[in-house]
Amino acid sequence: MAKIIDPGQAQSMIQEFRKQNKAAGEHALKTPDGKNLNGSFLDRESLENILKDPKVAGIHVYLAKHPDVAGKTQNVHTLVYSGSVPNTATGAATPYTSVGAMYGSDPCPPWCG
């Protein structure tokens, strides 16, 4: 389960990722405009659409190749996310399974503060 973390620790974790990503050079995760990827913006409407289903226990977030460069070698990524429900199948490999609409996020930069 997710937990609230100290804001200072969160900033430190974010900065460490950015430093490591920047140091990776050409292997760094990129945005469609070639900048180093710092994160993603998830809009309220998509989150509310997912969470309005009372069966949804949370949200699955997947790392994915950005559709602007599908099939190309550029290291441009995005997040894809959907609702998730408990996986009640006998012997299930994972405790949750994705359901409903899948959403793609906007990369940061430029969609970030």
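Described in the following lines is the structure provided in the data block. Fair warning: this is a prediction, and the values are worked out from it, not measured in the lab.

## A few points about a nonpolar patch on the surface
Turning to step 1, where the next piece is worked out: A surface patch of nonpolar side chains, amounting to about 240 Å² of accessible area, comprises Leu51, Ile59 and Val61.
Turning to step 2, where the next piece is worked out: Relative to the assigned elements, leucine 51 resides in helix H2 (residues 44-51).

## Details of the sheet that holds strand S4 (residues 96-104)
Turning to step 1, where the next piece is worked out: With antiparallel pairing, the 3 strands of this open sheet are ordered in space as S2-S3-S4. Across the chains shown, the open sheet's two edge strands, defined by having one partner strand only, are strand S2 (58-65) and S4. Each adjacent strand pair in this sheet contributes to an overall mean axis angle of 35 degrees, direction not counted.
Turning to step 2, where the next piece is worked out: In this sheet, strand S3 (residues 77-86) lies alongside S2 in antiparallel orientation, the contact comprising 8 bridges. Of the residues in S3, the one forming a bridge with histidine 60 is serine 82.
Turning to step 3, where the next piece is worked out: Taken strand by strand, H2 contacts S2, S3 and S4, and its axis lies near 25 degrees from that of S3.

## A closer look at the pairing of S3
Turning to step 1, where the next piece is worked out: Across the 10 residues that make up S3, a large majority, 8, are buried.
Turning to step 2, where the next piece is worked out: Pairing of S3 with S4, which is carried by 6 bridges, proceeds in the antiparallel orientation. Its bridge partner being in S4, proline 86 is matched across the sheet by tyrosine 96.

About the criteria used
Residues numbered from 1 in each chain as written. Predicted model: local features only at pLDDT ≥ 70, side-chain atom pairs only at ≥ 80, totals over all residues. Heavy atoms only, no water. Patch = residues over 30% accessible without salt bridge, like charges linked within 9 Å, V, L, I, M, F, W, Y side chains within 5 Å. Areas by Shrake-Rupley, 256 points an atom, 1.4 Å probe, with all protein chains shown as cover. Salt bridge = Lys/Arg side-chain N within 4 Å of Asp/Glu carboxyl O. Helix = DSSP H or I, 4+ residues; strand = E, 2+ residues; numbered from the N terminus. Pairing = 2+ DSSP bridges. Axes fitted to C-alpha atoms, helices over the stretch in contact; angles between N-to-C directions. Contact = heavy atoms within 4.5 Å. Buried < 20%, exposed > 50% of the residue type's maximum accessible area, 1.4 Å probe, protein only.

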